[in-house]
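# Overview (structure and organization)
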Amino acid sequence: MDSPQENSQNTTPTTLTSKYSNRVLIKNIVEPTDGGNILLEERVIIGGWVKSSKEVKKEPLPPPPTDDHGAAYGPKENDVSCVEILQSRIPFFRTIIRVLAGTASGREKFESIIPKPPPPPPTLFLQVSDGSCVATLQVVVESTLASPCILQPTGTCIWVEGTLKEPSMVGKRAVELRAEKILHVGKVDEDKYPLSRKRLPLDTLRDFAHFRPRTTTVASVMRIRNALTFASHTFFQNNGFLYVQVPVITSTDSEGCSEKFQVTKLIDKADPNTASVEGVSLDVIKSAIKEKSNLIEELKRSDSNKEALFAAEQDIRKTNELASQLEARQKSKKLNTFEDFFSCQAYLTVSGRLHLESYACALGNVYSFGPRFRAEKSQSPKCVAEMWMVEVEMAFSQLEDAMNCAEDYFKFLCKWVVENCPQDMEFVSKRIDKSIIARLQSIISTSSEKVTYTEAVRVLEKVTEKAFEIKLEWGVALTAEHLSYLADEIYKGPVIIYDYPKAAKPFYARLNDDGKTVAAFDMVLPKVGRLITGNQNEERVDMLTTRIKELGLAGEQYEWYMDLRRHGSVKHSGFSLGFDLMLLYTTGLTDVRDVIPFPTSFGKANN
């Protein structure tokens, strides 16, 4: 096969040719941007993967017409070959056969000596995709250029040169490529290639993360993901925000959350007794203590079964003793941190907002965009171990400013994807969710409902047609079930809930004047749940110190954070948007693993 660089000079329109591969993207052929004119009679090079194929066999050419004496019209006999002369006499020979041969066997014997013209070679019609758009390009290949068995299987990679023509077969296509040179063929093993089977379900495709972007659905989702990434940077850059990269490894527990991935090189040197007692970890023991405490409280309120209460109190006393022993053992046999890579315990970051604050307090408005990690053992379709977050911090701003910025950003993303991904959105509308485009357009033109936590609780308490799993009362964190009901059934659209009880939000959320609630909010969407969470940050050093003590957090970890309050404190606020959840909302999919290129979830790492 010839090198495309050596044999295809000056054959491809320079305005369409990719700068780094001397090929034209299929998108530029089937979705032209020059007013809709389809390219015809242009010589181009394209590359892609076969999505489907069809082999069309041509009918043999009929014999030429003859005169009354069986002579063929056309060239004189001395200008044609012997075979052509015989072919021109076929009607005459058949007449003799019918007269002289009275039986079928006789006819077959006579007809067998008449030469038959060889069948013309078949033509291949290949539907080729290069990932640049939803549509495929029909490539017509004569079998004289390449063997059909090489080009036909789904997944075969081809790199061809040819001329763009009007379709040879009637259909919806406006253009096809007549191949003239095959520059490269990447064959597949049909028996082992997973996409040889048609329309694999999305959950099956997750086992083939390296192949699934070749499917139309996943390819469309990834193009939408790319568009939303660009839109995110565009929104913040256009509004005066600076892009700041925050660390992936940190020693600060930014959320007060225990479900973190620890980073260490001493795992093989660790004493197993420092992690568990007889196979039971300290975290499990503490969780059991919490459950037993709740049971005791219920028994005390009922005041009915004193024997059960006594047994529960004895049980929790022993469990507390076990926890104390384990904590003491951990302290006495703690790993020597000077032997580890870091001088202190380090974790994969859960949130970058605390680090962003330090830059907001110097540069004004900043944002970050990157992966965040949670070690929750969850099988939820809305949560995996590694998810991408867009995080924002703004100096000299309060809760209302953060809510307004979050809503503007959300609406900007919805508008961007509708206007800049029309073909992909049309595809997901047909294949996944027929109402998705109308829903996004509605978001663009309307404002979100805004209610306080207290108002939301009152609304939910009036619901009689549904029994919630967690009993709702003021002060309890709203569960995913509560939030979904508010967005899906009551408000039937995005809703912003603010002024939460302080126990339901992180320690750094600013305490309101009532002493019970904090200046925090959530944006909740139908079918997705909580998309954005944000708050005004506590800028008062005494209030922040009190909150850290109330929650039993390690104060020494937050000394640098407290310094921001001690030296040049400013009112500031921010929020986080779950980028992968935004993909769920804009595509209509239901499992976050289907919108992440290489998902990592509980029990399963990516490739």
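This text follows the structure it describes.
The structure contained in this document is the topic of the report that follows. Since this is a predicted model, take the numbers as computed values, not measurements. (Residues numbered from 1 in each chain as written. Predicted model: local features only at pLDDT ≥ 70, side-chain atom pairs only at ≥ 80, totals over all residues. Heavy atoms only, no water.)

Between helix α17 (residues 541-550) and helix α18 (residues 559-566), the least distance of the axes is 9 Å, while the angle of their chain directions is 155 degrees. It follows from the interaxial angle that α17 and α18 lie roughly antiparallel. Between α17 and α18, the contacting residues are Val541, Leu544, Thr545 and Ile548 on the first element and Tyr561, Met562, Arg565 and Arg566 on the second. Of the residues belonging to the contact of α17 with α18, the class tally is 5 nonpolar, 1 polar and 2 charged. (Axes fitted to C-alpha atoms, helices over the stretch in contact; angles between N-to-C directions. Helix = DSSP H or I, 4+ residues; strand = E, 2+ residues; numbered from the N terminus. Parallel < 35°, antiparallel > 145°, perpendicular 65-115°, else oblique. Contact = heavy atoms within 4.5 Å. Nonpolar A, V, L, I, M, F, W, Y, C, P; charged D, E, K, R; others polar.)

Another point: the packing of aromatic side chains. What the rule picks out here adds up to 21 aromatic pairs. Here Phe507 and Tyr561 contribute two aromatic rings whose centre-to-centre distance is 6.2 Å and whose plane-to-plane angle is 75 degrees, an arrangement assigned as edge-to-face. Here the residue Phe507 occupies a position in the loop between β15 (495-501) and β16 (517-525), and Tyr561 occupies one in helix α18, the gap between them amounting to 54 residues. Owing to a relative accessible area of 0%, Tyr561 belongs among the buried residues under this scheme. Taken together, the ring pairs in this structure connect Phe230, Phe235, Phe236, Phe241, Tyr243, Tyr367, Tyr409, Phe412 and Trp416 into an aromatic cluster. Lys260 extends its terminal NZ or CZ atom over the ring of Tyr347, reaching a point 4.5 Å from the ring centre. The cationic tip of Lys516 hangs over the ring face of Trp474; the distance from NZ or CZ to the ring centre is 5.2 Å. (Phe/Tyr/Trp six-rings, centres within 6.5 Å; stacked < 30°, edge-to-face > 60°. Buried < 20%, exposed > 50% of the residue type's maximum accessible area, 1.4 Å probe, protein only. Lys NZ or Arg CZ within 6 Å of the ring centre and 35° of its normal.)

Evaluated as defined, the whole model comprises 1 cavity of 30 Å³ or more. Taken as a whole, the largest cavity holds about 30 Å³ of empty space. Along the walls of the largest cavity sit Ser378, Gln379, Ser380, Cys383, Val384, Arg593 and Ser601, which together make up its complete lining. (1 Å grid on protein atoms, 1.4 Å probe; cavity = no way out; pocket = protein on both sides within 12 Å on 5 of 7 lines; lining within 4 Å. Points joined across faces, edges and corners; volume = space filled by probe spheres on them.)

The strand order across the open sheet formed by 3 strands is β7-β11-β8, and the pairing between neighbours is antiparallel. For this open sheet the edge positions go to β7 (249-250) and β8 (262-263), each flanked by a neighbour on one side alone. Bridge analysis of β7 against strand β11 (residues 346-348) gives 2 bridges, and the strand direction is antiparallel. Opposite Thr250, over in β11, you have Tyr347 as the bridge partner. (Pairing = 2+ DSSP bridges.)

What follows covers the pairing of strand β4 (residues 157-165). Within β4, 7 of the 9 residues are buried, which leaves it mostly tucked inside the rest of the structure. Looking at chain direction, strand β1 (residues 43-56) and β4 are connected through 7 bridges and run antiparallel. Residue pairing for β4: Val44 is matched across the bridge by Gly162. Both β4 and strand β5 (residues 176-186) contribute to a ladder of 9 bridges, which runs antiparallel.

Spatial relationships are all this shows, so hold off on functional conclusions.
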